[in-house]
Structures are given as C-alpha cells and as structure tokens.
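Here are the chains, one letter per residue:
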Number of protein chains: 2
Amino acid sequence: MNLLILAPICSILALAFAGYLAYKVLKEDEGTEQMKKIATAIRQGADAYLKRQYTGVALFFAVMFVILGILAGFGFLTPFVPFAFISGGFFSGLSGFIGMKIATRANVRTAHAAGKSLNSALKVAFSSGAVMGLTVVGLGLLDISIWYYLLDFFYRNLDEAMRIQNITSAMITFGMGASSMALFARVGGGIFTKAADVGADLVGKIEVGIPEDDPRNPAVIADNVGDNVGDVAGMGADLYESYVGSIVSTAALAVAAGLGVKGVTIPMTIASIGVVASIIGTFFVKSGEKTEQKGLLAALRRGVYVSSGIIAILSFFLVWNVLGWEHIGVYFAILSGLIAGNLIGFCTEYFTSDTYKPTKKLAQTTTTGAATVIIGGISLGMMSTFLPVIIVAMAIAASFYFAGGSGDYNMGLYGVGIAAVGMLSTLGITLATDAYGPVADNAGGIAEMTHQDPIVRERTDALDSLGNTTAATGKGFAIGSAALTALALIAAYRDQVEIIVKKENLDFVFNLSILNPQVLIGLFIGGMVPFVFAALTMDAVGKTAQLIVVEVRRQFKEILGLMDGSAEADYATCVDICTKAAQKEMIMPALLAIIIPITVGLLLGVNGVAGLLAGATVTGFVLAVMMANSGGAWDNAKKHIEAGNLGGKGSDCHKAAVVGDTVGDPFKDTSGPAINILIKLLSMVSIVFAAFILKFSIF
Amino acid sequence: MNLLILAPICSILALAFAGYLAYKVLKEDEGTEQMKKIATAIRQGADAYLKRQYTGVALFFAVMFVILGILAGFGFLTPFVPFAFISGGFFSGLSGFIGMKIATRANVRTAHAAGKSLNSALKVAFSSGAVMGLTVVGLGLLDISIWYYLLDFFYRNLDEAMRIQNITSAMITFGMGASSMALFARVGGGIFTKAADVGADLVGKIEVGIPEDDPRNPAVIADNVGDNVGDVAGMGADLYESYVGSIVSTAALAVAAGLGVKGVTIPMTIASIGVVASIIGTFFVKSGEKTEQKGLLAALRRGVYVSSGIIAILSFFLVWNVLGWEHIGVYFAILSGLIAGNLIGFCTEYFTSDTYKPTKKLAQTTTTGAATVIIGGISLGMMSTFLPVIIVAMAIAASFYFAGGSGDYNMGLYGVGIAAVGMLSTLGITLATDAYGPVADNAGGIAEMTHQDPIVRERTDALDSLGNTTAATGKGFAIGSAALTALALIAAYRDQVEIIVKKENLDFVFNLSILNPQVLIGLFIGGMVPFVFAALTMDAVGKTAQLIVVEVRRQFKEILGLMDGSAEADYATCVDICTKAAQKEMIMPALLAIIIPITVGLLLGVNGVAGLLAGATVTGFVLAVMMANSGGAWDNAKKHIEAGNLGGKGSDCHKAAVVGDTVGDPFKDTSGPAINILIKLLSMVSIVFAAFILKFSIF
C-alpha cells in the first residue's frame, strides 16, 4: 500500500471531525441578550479586522505573485511556484480565519456553560480549541497532498530523484506563502492585541482606576477583539506555518539523503498518524468540578499523552516498514523531537509559572519598585535561554547521529528535519489545549462585562489560568520546532543551490567555513536581524498603544456620563485605530524578511546567505526564548500578587508588577513569537530566490 | 634599523610622560578641608575595594597558575605560559590601579580648579585621563616587549617561523591573563558601582526625597567610590586587555599569513607610533571659558584628530617600508579600522545623545509612564544594532580584501586583526578623553557635597556631560575592536590547532562548515553564552542593590538626626557591602568564560569550539551594542528631562525616566562592556587549552 494516500484521507478526516466539533459548539446556548450583544461586538470587531488585514495582505501576495511570475518567466523558477506561494498563504490565512470564527462564537457559549458546570465550560472551550487544532493540521496536510499529487502527475516522466526534487522545491514556495501570511497575522494581530491591551490598561486601570474588562473602558472591546485576532487567528496562521514548514523542509532533504520518495512519505505519514492520534486524544479530555489547577491540567494533558503514545508506537512501525532496519535511527530522531519539545515546554513552565522559584523571586523584586522588576525579568529571561539551548543542542546531536551516524551528513540533516516533524506531530491536540486559552479568557471578559454570578468568573478564571500553562508548553513546541526546521531549511538551501549549480553548469563550490569572510559577515548580519525585527514590532506596539491612550482619554473627557454608566463608550473607534495601525506597522517587519536575504545574496553571494541564515537562526532562537519567558514571568508575577501576595491588588508591589507585565506584553505576544516565523521565512525566501541570486550576485 | 626596538622605547616614553602629567596633577591644590575629607573617604573606599579585589583575584590567578603549570608539565603548553598568564593579569590590574590612584586624587583637584576657570578644571581632569590612557598603552607595550625579547632570545636557535610561532602563542596566554583580570575588574567594579548607584537612588531620591550626591545619603560615598572602581579601574583593565589583545591576536596570525617577524613588527610599531601621536595630541587639548558643549567637544576632539592624522600618515610609510608595495593593502586595512571605530562612535552618539531624534523620542515616551519608556528604550537599543553591524561587516570585508585580495585567506584574516590594531592605535588619547569623564563626575559630587559656589557645579557638569559623549565614542572603539579582535582570535585558534595537529601528527582535519553539527551546536551554545553572562551580571547588580536599599533604609531609621544633618551617616558599611557582594558575584561570570569553552571542547571537539567562538562573538557584539545604547539613551533621556523638558525634575515624566535610567545602569556599565571582554577571553582560553582538548575530547 502506498502510505502517502493516508495524507489526503487523514486531512479530510481532521476537517470532518473539526466540522463535527464546530457543530456541537454552535449548538450550545449563547446565554442572555446582554451576553449576545457583547459577543456580537467582539465578533464584528474581529471580522472587521480580519477583512481589513486580508485586503492588505492580498495586495502583498498579488505583488509577490507578479514578481515570482516574472522570475518564473525568465526561467529562475518553475511555473508552479507563484501558485504554490499563493496557496500556502491562502490556507495559512484560512486556518487563522476558521479558528477565529469558532473562537468568537465559543467565547460567549463558554461563559454561559460556566454557569452550569466547570466540565461543561471546559468542553466548549476545548472543543473550540480542537476545531482550530484540527483545522490547522487538516488544511496543512490537504494543501501538501494536493501539491504532491498534482506535481507528481505533472512530473511523472522524470526519474524519481528529479521528480521528488521538483516537487519538494515547489513545496518550499508553498511554505514561503504560509510563512509570509503567518508573519502578517502574528505581527498584525500581535500589534493589535497588545496595543489595545496596553492602551486600555494605561488609562483604564492606572489613570481612571476602573477594573480590567470594565465596559466603561472604550478600549475594552478592542482588547477582547485583540485576543481573537492575535492569540487565535495569529497563532493559527503561525502554527500552520510551523507545521507545513517542518514537513516540506524535511521532504526537501529527501533526495540529498538518498531516500527519494520514501523520504517524503515519512514526514507526511507521521503527520497523518498524528491527526488520528490527536482525534483519539480529544476523547480523553474531561474534568471534574474542582477548579484546582493540578486536576485540570491532568485532564488536558491526558489527551496529549495518549496522542503522543500512539504516535510513538505507530511511527516505529512506519519507519521500519518504509525505510527498513538500516534506517531505524530515523525513528529515534522522531522520538528526540517529541521529547525535546516536551522538555522545552517544561522549562518554559518552570521559568514562567509562579509555582516555581524564578517567578516567585521576580515577584519579590516588586518590593523595590518598577526598575528592579524590569532588571529581574530581563535577567530571568536571559538566564532561561540556557536549558532550551542545551535541549535543542542535544536534540540536534541526537537526531543527527541517530539518523546519519557519524559519517552520513545528509541523512543526519534529514534526521534534524524529521525531529521537528516529530515534535509537531501532536499539533492537532497540543494546539487544542493551547487555543482554548484565549476562548476562556474572552469568556471571562464577557462574564465580567455582563455581571454574571461570581462562580462563573471563578470557573472561567480557573480555565484561563490553566491556559497560561498550556500556552507555555505550546510555545516550547513552536520555538523548538522553529530552530530545527530552520536548520533543515538551511540544509535545503544548500541542496537547492547545488542542484542549480549542477543544472546550469555553474563554476561554484560552497565554502561554508565560519572563517570565510562572506559567511562571517553573513553571520553578523543574521545575528542582528532578529534584534531589528523585534525593535520594529515592539516600537509598533508602543506607538499604537499611545494612539489608543490618546483616544481613550479623549472619550473619557468628551463623552459625558461615561463614568457613571449613563452613556456608552464608542468602542468602534478604538477597534478602528488598532486595525489601521496594525496594518500599517506590519509592513516593514515583513518586508525586512524578504529584502534582507535578497540583498545579502546580491552583495555576499550564497555563502553569505548561508551565514545569514545560521546567524539569524541562532540569535533568533535565543532572543525568542528570552522574550517569551521574560514576558510570561512578568505576567505571572503580576497574577501572583493579584492572588493576594505582597499586598495584593492596588499595592505598590502590584503597580510595579503591572509595569513589568506591560513591558512583557509585546515581548511574549508580538515580537517573540514572530521571530520564530521570521527565521524560517528568511530561509524560504533564500531558497526561492536562489537561482536569481546565483545569476546576479556580485560574488 | 629594527623597528621592533621602538616598542620598548615608546612604552618607556609613554610611562615617563604619564609620570610627568601625574606630577603636574598632584601639584594642584586640593581645596578646603571639607573637600579633602570627602575626597579621602572616596579614596579610602576605593583603595579598600581594590585591595580586596586583588586579594580575591590573586587566588584565582594562583589556581590558574597551578593548572597551567600542570598542563605545561604534561607537555600541553610551553613552560613560559603560566608566567605569561600571570604577567598579563598583573599589568592589566596595574593599569586599572594606577588609573584609579590618579583619578581619586584628581577629582578633588578638579573640583577646586573649577573654582578658578573651566580651562583649569579641564586641564586637571584631562591630564588625569591622559595618565591613565598613557599608562595603559605604556604598560601594554612594555609587557609585550619584555615577552617578545625574552622569548626571541630563548628560541633564538629555531627558524623564524617556529620562533615567531612560539613567541606569539605565549603572548596569547599573556592576553588571556589580561582578559581574565579585565573581566574581574569590569564585572566586580560594574557590580559595585551600579549597585551603589541604584541603591542610593532608590532610597535617597525616591523614598526619602533628597537630591543626588546628598551627604546625608549613607550610600553616597559608595556611589562615588563606584565611579572610580568601575568606570576608572574597570575601564583601565578592560582597555588594557583590548589593546594587548588586538596586538597579540594579530601577531599570532603572522606566521600563517607568511609574514614571519614582519607580521609581528607591524602591529607593535603601529602601537609605538600611536604612543607618540597620542602624546603630541594631548598638547592640542585646551578650552575657552564657555560651557557650551560644542566648543568643549571640539577642544577634546582636536587632540584625537591630530593623533589620528599622524598615525594615518606614518603607518603608510611603515607598511611600505616593512612589507613593501606588494602588501600596501595592509595599510588600508589599518585605515578601515580607524574609520570604522570612529563611525561606530558616531552611531553610538546618534542613538544616545539627546541632541538627536532617538533619545528625544524616548524622552517623549515618559508621558505614558515607565512601561512605555522601557519598551521604547529596549527597542531603541535593538534598532541601534543595525548600523554598527553593517559598519563592522564593511570593516571586515574591507580589511580582508585590502590585505588578502579575494584569494589569500590568511593574509585577509591578518588584515582583520590589523584593522583592530588600527582602531585602537589612538588609545592613548581616546582613553584620556574617556577616562576624564568619571573624574569630572566625581568632582561634581564633591562640589555638591561641600556646597561650593554654583558656578563650580556648572563647570563640572559641563565637563561631565561632555564625558558622556566621549564615553560613547570610547565605547564604539571598545566594542568594534572587540568584534575584530575576536575574529582574529578565532583564526588564531584554528592556526594553533593546526600547529599542534602537525606537531603531534594527529589524524584531524578541520570541518568548519556551518552545516557540520558540531559547529552548529557550538554556534547555538555560543549564541546563548552572552545572554546567560548578561543575566548573571545584571542579577548580581539587582541583588547587591537590594542589600544596599535595606542598609540605607536601616540607617535612616536607626541613626537619629541623619536627616537634619546633626548626625553623620555610616558610609563605610555601604562601601563594605558593595565590596563583599561584588567579590562574591564576580566569580560565576568569570568561571563561565573558562569552563564553557573547555566543556564544549571536550564534548564537541575543536570544530565545536570554533562554532562556539563564532556564535558568542556575533551574539555578544549585537547584545553589547544593544545594552550599551539602551542604557546610554535612558540616561540621557533622564538628563534631557532634568534639563527642564517635559516638566523637569520631580515631574511624573521624570519619575518614569528614572526607572529607565536605573534599568540602563547595569545594561551600559556592567553587562554590556563585560561582554566585550568575554568574547575575547573565550577565544584565548580555547587557544591555551587547544592541545589539552585535542587530546581528551570525545570527538
């Protein structure tokens, strides 16, 4: 049996099951009229944002389509490339879109279900997360399958190696489309959500002194919209990109590793197994009625562990069957990835949860004011890079040597790629446990705004708080897989260049030594790119937040009766400001990812580009871990104080903690996650433009 | 004529002239009894600190001496190595010691001279800076000369290549000693000064509401001591390390480049020319009586430009004479370095001075509170890495291709090393313009504490403020030369390994490709090291500052009459707390620099070490630039507000700016500058332990 056929079958299965879950969610009751009204406002804001975003992004895709078309016309690319690019972007956007559609419907239903029982609320929120998780993997596998079968048919007359080579290069472009879309969604959504959040807090909590999620705050709807467009739609597009990126980058290494079509079969079939395992896993998620975290976490993790177990067992037989005993090491590479992802997740949790020492210590620094909180949080984040780097280093070493021994470099690099696929194989369910968080968060907001029974808020808070932990684990997977995938892509870049060199009979030999000045300069520039990228995105959040502050202040001043509740705030204007600003500000960071590798290529040649990619991957990984963990720890240090420690809400310690949390917002939800996408997009752009660079580079 | 003889001659000249300037400074009047009393307290605190520091460091050096001795006993090192190591540490420490001795005497004399005229004050402060500048270059050249002639005599029977090889490897150990000492001095001094500063401000300014430098603050003397032990003694040891590091690393590349003794002559003679040029330059520094910055800056820069001009002209003839037309490109490599150093200095100034847009914009972010100031400052720092990286990239490219053309890698790398030597050739005078800043700062503190005429404070403030600008330029040189020197050291590492491989007939070939997993893993670990190092040092500042806060609060509570001036604060306890804590906290970061390359070497082999060094150099450079510039911009944004903008002192904006400044303190004066030393020390340790690693590595 040709195992590849499992990919389209499982993708349909995933989408069908997602449809079934969505149907179940939508059947739930939406609650009172007031709840519906708030939910509608959030939904409309989110829809308006996405419409605007997709319009802007469509323009970018149109321009890129033309550029790629011209390059294809001149023979630098195959004619499929522009279409593959568009389809990647489309499906990535669609993943976010569907995830957000269901999330903006599940939020109010979760709030209502929380009135009944904790388990009902968990069911609704988790089902909504599962819809997104399964949509992401379903659409990912679907698009990969479509392109695989289409190109396989088209290139049917070529020999296997050439055929697979052509198929996988086109697939990389599809990955590039997905990454571009993901970057826009993460950066745009990240700017929106954090600007609204920071802006709402700065005036609402600090200046006017009203609580979080108070309906009198004109930015409150924008804040809730932000959770959906940033943490849901942005994350959906992001993980879609990670998922297909890991598969296509590994597939691209198949020919060089001498595996041919088998090398493509492995990652696609692991993904297919992962879909089934994730669906099975969802049935194991149910909770009792205690709101204590340990039990809830166990409920969610049960699903993930069941799925992981299934994958761990089945993929052994898969590798054995497809590659034989000779390459059974590939199986251990998969395991290395699965284990490394979990370990990084634990590290993230250790450094950012207030049940452990680092965040507790960080909370203590609030006693000497905001400055020491910031110093403490940054140094916590920096320190927290140690273990993830060691874990990734060990995962690289393990997957490389398991798959390739000490001699076969190409098999070794294939092993690194497959480790990333293994790490993300459980994405269907891990993303479900992650994406349910913002739904619970929104449900809490709706409960607060519509003055529900305190037990409702208590239940949604329990779920939300748990969401922080699962989000930490999710980040571990996203960030770890990004490092491994980026490495696989660098190897794919080298392979691509060598294919072109051979085909065009060029006089070029790689010199990737770190003492080659081109590589060295590339390393320096690559090391700088994530910093500049982070600067641009943080700056965008800062600027947009200031616009929101001005608008909220204006409304409190000009709308009479706003404070006593007799007049209603103009929510739409804040949503509009965030939307416009996010659209404008997401352009520069995205262009950076495209312009830099091309410019470096033209000036320093392909050796320089390889250096650039290595430098960006290394620094990007470390910086992303640091920003995610600093941000997470600040957030939880604040929550730790709000839980009644160190004087509780309103104390001086709390004020200092709020400063930390506000700084952490763009760290953890805008710049940090976007860097993961950036490092892969840089590689994909380099691969797609490789032929062009080889022709026109001054070196 | 053998030009090498210029080195000892010029080193004696530098030391003699430094002695003459010191004599002139000491002849100046110390002012009133009260001034003398304060100055004595500062001096005693500084002396006590240095005594303690040198005791602790001596222990470290003793242990290292034994370890190196054992390695030499087993034949892994030449017998000179342990002694060279000690001598490097000794002279590095001595540079800082002498600089601090004169600075703690010049401060009170500057304060007194400021009562007469601006030019008198400038003369005293600048002379004190020049004593340090010339001591650093004088001792550096002296130590290099001693070892050169000693080893040249000892190895006189070997052929030229072998002789130079043996000489330069021993010299690297001498550099390692200097770097170790510098790291202790920078980290220890940096922790002391910033903990005292932050601690004094947190209680004094914020809680009790007394101004900066108020004698009632128990931490005020510690703060002033800190300026001397951190910004003077630390900087002296640091730049001594940079200076000799650039020379010995370039010399180490001489044999591989095929230049033999000529390759050693060039850097040593450039340094000799630089000494003479710096001495001449000092005569051009004099000011009028206007306190406006532009004129003062021109006065200082005149000296630097004269020196640079002399070097630019003479080194042309030097290269022509020694290497001939064939290698005249080496001259342009020197120029590239000189120009790049200045350009990075300008960038630093642009991003951190409040006469330009970035810092003005940062000051604006204070209107929305502390959180936006922090976000703004971090993103400013990250953004500011762009140009320095491009400049360094261009300097690498230019010096490489000027010296080596497109084919001769070894000459090219020699060119990169010589660019660093060129960049630092004016150190005698640039360090003078830099080191005078803390003297002026201290003078202002003494004037404030002894209630001098406001005109005195105005003049010292003018000088101090100018010091910030020249410090920015100085940082440009330190940071740029660190990147280039580190690269030269990586090349020297490769050469060293190849020498050992050849000598021992080992079966080893380098594979420095970035796709070699050993290199790749090394890159990741190297990329993480500067982050962990920064975390450790910032954390140390935070912890120590909290100890100071507790002590200062205690004194305000327990010493009756402290606030109304009827009782005196117990200054010594604060000095003692800082001293003890700095000693304790500097151990871990220093050990990191030694343990990491050895561990990586044992586990990943020499390829892995090369990756480690490249990763650490790239990330370290970018992170150091970011931390320095964020810190500098926060400092000047605060000063901008204190100058009366945005509500001036005591306004909400000012409070927010103080938070930024406090966070920036460890950024710019502890972690940032120490990273420059770290990246070189890692390389030197790797070189010294290369034979050991080759023997015992599991690869």
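Thresholds, definitions, all that
Residues numbered from 1 in each chain as written. Chains lettered and ligands numbered in written order. Predicted model: local features only at pLDDT ≥ 70, side-chain atom pairs only at ≥ 80, totals over all residues. Heavy atoms only, no water. UniProt positions renumbered as here; feature names shortened; annotations may be inferred. Helix = DSSP H or I, 4+ residues; strand = E, 2+ residues; numbered from the N terminus. Contact = heavy atoms within 4.5 Å. Salt bridge = Lys/Arg side-chain N within 4 Å of Asp/Glu carboxyl O. Buried < 20%, exposed > 50% of the residue type's maximum accessible area, 1.4 Å probe, protein only. Expected span 1.5 Å × (residues − 1). Bend = angle between axes of the 7 residues up to and from the residue. Polar contact = N/O pair within 3.5 Å; in protein donor to acceptor, adjacent residues only side chain to side chain. Core = buried A, V, L, I, M, F, W, Y, C linked by side-chain atoms within 4.5 Å. pLDDT = per-residue confidence, 0-100. Buried area = accessible area lost by both parts, 1.4 Å probe. Least-squares fit on C-alpha atoms with pLDDT ≥ 70 in both. Patch = residues over 30% accessible without salt bridge, like charges linked within 9 Å, V, L, I, M, F, W, Y side chains within 5 Å. Areas by Shrake-Rupley, 256 points an atom, 1.4 Å probe, with all protein chains shown as cover.

Under an unreviewed UniProt entry, chain A has the name Putative K(+)-stimulated pyrophosphate-energized sodium pump and belongs to Clostridium tagluense. You can read under Sequence similarities (unreviewed entry) in the UniProt record for chain A the words "Belongs to the H(+)-translocating pyrophosphatase (TC 3.A.10) family. K(+)-stimulated subfamily." Looking at the Function (unreviewed entry) heading of the UniProt record, one finds this comment for chain A: "Sodium pump that utilizes the energy of pyrophosphate hydrolysis as the driving force for Na(+) movement across the membrane."

Novice: Break down the environment of Val255 of chain A for me, citing the residues and quoting the values.
Specialist: Residue and element names in this part refer to chain A. Tracing the sequence through the fold places Val255 in the loop between α6 (220-252) and α7 (261-282). Sequence spacing of Val255 and Thr433 is 178 residues, and the spatial spacing of their C-alpha atoms is 36 Å. If sequence neighbours within four positions are ignored, Val255 has contacts with Ala161, Ile164 and Gln165.

Novice: Any chance you could break down the pattern of salt bridges for me, citing the residues and the numbers?
Specialist: All names here are of chain A. Counted according to the given criterion, the structure contains 56 salt bridges over all chains. Two residues, Asp238 and Arg186, come together in a salt bridge whose shortest N-O distance is 2.9 Å. Separated by 52 residues along the polypeptide, Asp238 in helix α6 and Arg186 in helix α5 (residues 160-208) bring together distant segments of the chain. The pair Asp238 / Arg186 is uniform in exposure class, with both members buried.

Novice: Outline helix α5 (residues 160-208) of chain B, supporting the account with residue identities and numerical values.
Specialist: Residues and elements named next belong to chain B. Here α5 contains 49 residues, and its C-alpha end-to-end distance of 68 Å stays within 8% of the 72 Å for a straight helix at 1.5 Å per residue. Most pronounced at Asp201, the bend in α5 amounts to some 30°. α5 sits mainly inside the fold: 41 of its 49 residues count as buried. Sitting at the head of α5, Asp159 places a side-chain oxygen 3.1 Å from the backbone nitrogen of Ala161. With its phi angle positive at about 80°, Gly209 sits one or two positions after the end of α5.

Novice: Please set out helix α3 (residues 81-116) of chain A residue by residue, giving values where relevant.
Specialist: In an α-helix, one turn spans 3.6 residues, which is why side chains three or four residues apart end up on the same side. Compared with an ideal rise of 1.5 Å per residue, which puts 36 residues at 52 Å, α3 of chain A spans 52 Å between its outermost C-alpha atoms and is within 8% of the ideal. In the structure, α3 of chain A departs most strongly from a straight axis at Ala106 of chain A, where the bend amounts to approximately 30°.

Novice: Would you mind going over the nonpolar core in detail, with residue names and values included?
Specialist: If you look at the biggest cluster of nonpolar residues, it comprises 554 residues, and the most contacted ones within it are Ile266, Met382 and Phe689 of chain A together with Ile266, Met382 and Phe689 of chain B. Apart from residues no more than four positions distant in its own chain, Met382 of chain B is found in contact with Phe531, Val532, Ala534, Ala535, Met538, Leu623 and Met627 of chain A together with Met626 of chain B.

Novice: Kindly report on the confidence of the model for chain A, identifying the contributing residues and their values.
Specialist: Mean pLDDT over chain A works out to 91, with 100% of the residues at or above the 70 mark. Model confidence for the complex: the whole-complex pTM is 0.95, and ipTM, which rates the interface, is 0.95.

Novice: Explain the interface of chain B and chain A residue by residue, including any values.
Specialist: Of the residues lining the interface, 75 residues belong to chain B; the matching set on chain A comes to 74 residues. Taken over both partners, the interface formed by chain B and chain A buries close to 6300 Å², and the fraction arising from carbon and sulfur atoms is 84%. The largest share of the area that chain B buries against chain A comes from Leu515, Phe524 and Phe531 of chain B, three residues that together contribute 13% of it. Inspection of the chain B/chain A interface yields zero salt bridges.

Novice: Please set out the relation of the copies chain B and chain A residue by residue, giving values where relevant.
Specialist: You can overlay chain B on chain A at an RMSD of 0.0 Å; the transform is a turn of 180° with a shift of 0.1 Å along its axis. This pairing of chains is accounted for by a two-fold axis. If distances are taken from each C-alpha of chain B to the rotation axis, the shortest is found for Ser513 of chain B, at 2.1 Å. Taken together, the interface assignments show that 99% of the residues at the interface of chain B recur at the interface of chain A, consistent with an identical surface on both copies.

Novice: Provide a residue-level description of the UniProt feature "site: Determinant of potassium dependence" (unreviewed entry) in chain A, including the pertinent values.
Specialist: Per the UniProt record, the feature "site: Determinant of potassium dependence" (unreviewed entry) sits at Ala471 of chain A. Counting through the fold element by element, Ala471 of chain A comes out in helix α15 (residues 454-504).

Novice: Give a description of a nonpolar patch on the surface that names residues and reports values.
Specialist: A contiguous nonpolar patch, built from Leu13, Val276, Ile280, Phe283 and Phe284 of chain A and spanning about 410 Å² of accessible area, is present on the exposed surface. Structurally, Phe283 of chain A can be placed in the loop between α7 and α8 (293-323).

Novice: I'd like a rundown of unusual backbone geometry, residues and numbers included.
Specialist: Phi at His451 of chain A is positive, roughly 50°, even though this residue is not glycine. Among the structural elements, His451 of chain A can be located in the loop between α14 (427-449) and α15. A positive phi is found at Asn505 of chain B, a non-glycine position, where the angle reads about 60°. Here Asn505 of chain B is to be found in the loop between α15 (454-504) and α16 (517-558). By relative accessible area, which is 69% here, Asn505 of chain B ends up exposed.

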